[in-house]
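# Observations on the model geometry
Listed below are the residues making up each chain.
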Amino acid sequence: MEKPCKECPHLIRNRHNDMIVEFGERTGKKHNCHMTEGKKDLWNVKDKKLECYGSKTNSSRMVG
């Protein structure tokens, strides 16, 4: 994704989105955008174009 979607779990905080973000941080996994066809397999990032923008930026902040 080029920019965050309107319901990006890294920007819109609620119980469900917090679970996605916390699981990703705890396991070190990136995830697909849940607003596109990537939602069918949220944790299996095969196509970088479907990767969640927030997941991408968070993982780049963690490295380094």
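Described in the following lines is the structure provided in the data block. (Residues numbered from 1 in each chain as written. Predicted model: local features only at pLDDT ≥ 70, side-chain atom pairs only at ≥ 80, totals over all residues. Heavy atoms only, no water.)

Counting across every chain of the model gives three salt bridges. Here Asp-18 ties to Arg-13 by a salt bridge, and the two come within 2.7 Å at their closest N and O atoms. With relative accessibility at 22%, the residue Asp-18 sits in the partly exposed group. Between Glu-51 and Lys-48 there is a salt bridge; the shortest N-O distance is 3.6 Å. Its relative accessible area of 51% is what places Lys-48 among the exposed residues. (Salt bridge = Lys/Arg side-chain N within 4 Å of Asp/Glu carboxyl O. Buried < 20%, exposed > 50% of the residue type's maximum accessible area, 1.4 Å probe, protein only.)

Aromatic ring pairs are reported here in terms of the distance separating the ring centres and the angle at which the planes meet. Tallied over the full model, the rule gives one aromatic pair. Where Phe-23 meets Trp-43, the ring centres are 4.8 Å apart and the plane angle is 70 degrees; that geometry is what we call edge-to-face. Taken together, the residues Phe-23 in helix α1 (residues 15-27) and Trp-43 in the loop between α1 and α2 (53-62) connect sequence positions 20 residues apart. According to the relative accessible area criterion, Trp-43 is partly exposed, its value standing at 27%. (Phe/Tyr/Trp six-rings, centres within 6.5 Å; stacked < 30°, edge-to-face > 60°. Helix = DSSP H or I, 4+ residues; strand = E, 2+ residues; numbered from the N terminus.)

Checked against the element boundaries, His-31 lands in the loop between α1 and α2. A polar contact is formed between the side chain of His-31 and the side chain of His-10, at a distance of 3.2 Å. Dropping the residues within four chain positions of it, His-31 is found in contact with Pro-9, His-10, Ile-20, Leu-42, Trp-43, Val-45, Glu-51, Cys-52 and Ser-55. (Polar contact = N/O pair within 3.5 Å; in protein donor to acceptor, adjacent residues only side chain to side chain. Contact = heavy atoms within 4.5 Å.)

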